[in-house]
Every structure is written in structure tokens, then in C-alpha cells.
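# Coordinates in review
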Amino acid sequence: MRSRVDALVALGVPADQAEVFVDEDMVLDLAGHTLLVSVHDEDMTGRARGFVALGAESLLGDPAALTALRAELTARAGGPTTVVVRLGPGHEPPEPLGARLISRYLTAGQDVRLTDPAGEWTVRRYRAADRDAVAELLLAALREGYRILGDGPVEGLPEAYVASLLDREGDEVTVFTAHHGEVFTGHATLMYEEDDLTGTPQLELFDLFVLGEWRGTEAGRLLTTSAIRHAREAGLPLRGHVAGDDDNAVTVAARLCAAGWLAAESYWELP
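Here the structure is a predicted model, which means the values were calculated and not measured.

Cut-off values and rules
Residues numbered from 1 in each chain as written. Predicted model: local features only at pLDDT ≥ 70, side-chain atom pairs only at ≥ 80, totals over all residues. Heavy atoms only, no water. Phe/Tyr/Trp six-rings, centres within 6.5 Å; stacked < 30°, edge-to-face > 60°. Helix = DSSP H or I, 4+ residues; strand = E, 2+ residues; numbered from the N terminus. Buried < 20%, exposed > 50% of the residue type's maximum accessible area, 1.4 Å probe, protein only. Lys NZ or Arg CZ within 6 Å of the ring centre and 35° of its normal. Pairing = 2+ DSSP bridges. Axes fitted to C-alpha atoms, helices over the stretch in contact; angles between N-to-C directions. Contact = heavy atoms within 4.5 Å. Salt bridge = Lys/Arg side-chain N within 4 Å of Asp/Glu carboxyl O.

### Examining the packing of aromatic side chains
Inspection of the entire model under this criterion finds three aromatic pairs. Their ring planes at 70 degrees and their centres at 5.9 Å tell us that Tyr 105 and Tyr 267 sit as a pair that is edge-to-face. With Tyr 105 in strand β5 (residues 100–108) and Tyr 267 in strand β11 (residues 261–269), this pair connects stretches of sequence that are 162 residues apart. The residues Tyr 105 and Tyr 267 share a single accessibility class, namely buried. Residues Tyr 161 and Phe 206 carry aromatic rings whose centres are separated by 6.2 Å and whose planes lie at 55 degrees to one another, so their mutual orientation is tilted. Separated by 45 residues along the polypeptide, Tyr 161 in helix α6 (residues 157–167) and Phe 206 in strand β9 (residues 201–210) bring together distant segments of the chain. For Tyr 161, a relative accessible area of 27% gives the class partly exposed. Looking at Phe 206, the relative accessible area reads 18%, which means it is buried. Cation over ring: Arg 125 sits above Phe 176, and NZ or CZ is 5.9 Å from the ring centre.

Below is the structure:
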């Protein structure tokens, strides 16, 4: 056990977290690779998905180790499972592997430009009267996310999840809404969470959406500013994600990096 804990600590995992991962049989020694693996039965889809949360960078160039990994995760899942790997910033799978990018994460850097409301623009905290408008956009984001994954959620579960998010607003969830005069133009929804590997508290920008007719206006910058300032006041890092690998996702990620966001981990589905 001690050697496995030490191997995780060498990869940047705090010792107490490493001991938990070892106790839960999440550490896999495979052909010289130390991996942190798990299998989840996702509530939203009812499907099993195998994850490699740490160590995949060295694994992806080793075909024999990949075959052994698939066999191990299939055994743990009790049947075939999709395999997803988490890669650190600057890493991508070898092109011949044919992995599919699911999402890339970014963190808000200190140089992100902030924008203050002017004219008829206002940004405020969520109110009960905003529920229907915000819920509709959160539902659209969830459905799009599962479309990208290729998994259809179980009927009724996205609606229940969105309701639970908004019921927790002011606790683990914070929502900002942008308005031009009295017109709702979009929202930013943040969730408190802890990093899966280190346990470090952080805020995730779960969704930021500006209605079509208001894109290109101040709405997006104002919502982003509110999210960043909220995170800084709480003393927590803020991260967000861009889902998918289509041209729009590439453009959005590039625009964010140019604006001062910093590349973090990415998630890839293996063929």
C-alpha cells in the first residue's frame, strides 16, 4: 500500500487523498504505469463509464497497456464500458488512437478583463422570478452536453437535476442574471465543488448562456465578470469548460485563452 500512496504523491496527489484512493482500490499498476481508475454508473443515463483520472499521459502510447486497461475496466463494470481519460494541460492523445475530445477545462487567470455595467445593463443575483428563464437554459445546456457524449439522459432526470440546482441557489449554487432594462438576456450558474484529485475547494462555471439576440453585446462579459469577482471574493479558483470538439468549441476555447483564461485538464473518450 505504501508504495502506491507514494506513487500518487509523486504525481501531485495529497497524501491523505492518496490513502483514500488506495483504500478504495482505485489505484491500478499496469505495465509500469500507475493509474487512478474508477467505474461510475451515471445516474443521468444509467450507463457505465470507466475513467482514468490520473496517469493516462504515459499510457496512451502503449497499445498493450491500453488493451489491458480496457479489460480491467470491463471487469470492474461487469460488462463493456466506455473509457474516458483525463489529461493534463498541454497533452493530447496520439492522432492514430482516434480519441474524441469530450470537454476541455480552463481556469480564470488574473489577466481576464473585467467589465462593469453601464447604461441600461444590470447584473444581479438570481430571484425566484428568474426560475423559468434560467431553468430553460440549464436544461438546454444539459441536453447539449449529453448529445456531445452520445448518451441520451433518462426521461425526466434533466428536469429534476435543474430543479435541484435552483433549489440550492444561495448554498452550493450561485446564479447571476444579466438584464438590459427589464429584459432577461442570459445567466451564469456557478457550483461549489472540490477537485477530484486534491480535494481543493473551487467554483465551477457550470453554465453561462446568453440568448441569441444578445450575443456580441455586454451580456457575456458582464456575467463572466460577476462570476470571476464572486470567486475572488470567496478566495476560490474559478474554472469552466468547453464541451465538444467542433469548430465552435475550438473557437470558443481559443477566444477564452486569448482573453486570459488558462488551459487546464481535458477529457477524451477512447475508441
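Here the narrative resumes, following the displayed structure.
### Quick word on unusual backbone geometry
You will see that Asp 25, though not glycine, has its phi angle at about 60 degrees, which is positive. On the secondary structure map, Asp 25 appears in the loop between α2 (15–23) and β1 (27–30).

### Here we look at the sheet that holds strand β6 (residues 121–125)
Pairing is mixed in the open sheet, where eleven strands are placed in the order β1-β2-β3-β4-β11-β5-β10-β9-β8-β7-β6. Each having just a single partner strand, β1 and β6 make up the two edges of the open sheet. In this sheet, neighbouring strand axes are inclined to one another by 30 degrees on average, regardless of whether the strands run parallel or antiparallel. Where β1 meets strand β2 (residues 33–41), four bridges bridge the pair, whose relative direction is antiparallel. From the neighbouring strand, Val 27 faces β2, where its bridge partner is Leu 36. Each of β1, β2, β3 (48–54) and β4 (82–87) is contacted by helix α4 (residues 63–77), which is oriented at about 35 degrees to β2, the strand it contacts most.

### Looking at the pattern of salt bridges
All told, the structure shown has 16 salt bridges when counted by the stated rule. For Arg 76, the salt bridge identified is with Asp 25, shortest N-O distance 3.9 Å. Placement of Arg 76 in helix α4 and of Asp 25 in the loop between α2 and β1 is noted, with a sequence separation of 51 residues between them. The partly exposed category is assigned to Arg 76, whose relative accessible area is 31%. Between Glu 169 and Arg 125 there is a salt bridge whose closest N-O contact spans 3.0 Å. With Glu 169 in the loop between α6 and β7 (173–180) and Arg 125 in strand β6, the pair connects residues that are 44 residues apart, well separated along the chain. Among the charged side chains, a salt-bridge network with shared partners connects Arg 86, Glu 193, Asp 195, Glu 204, Arg 239 and Glu 265.

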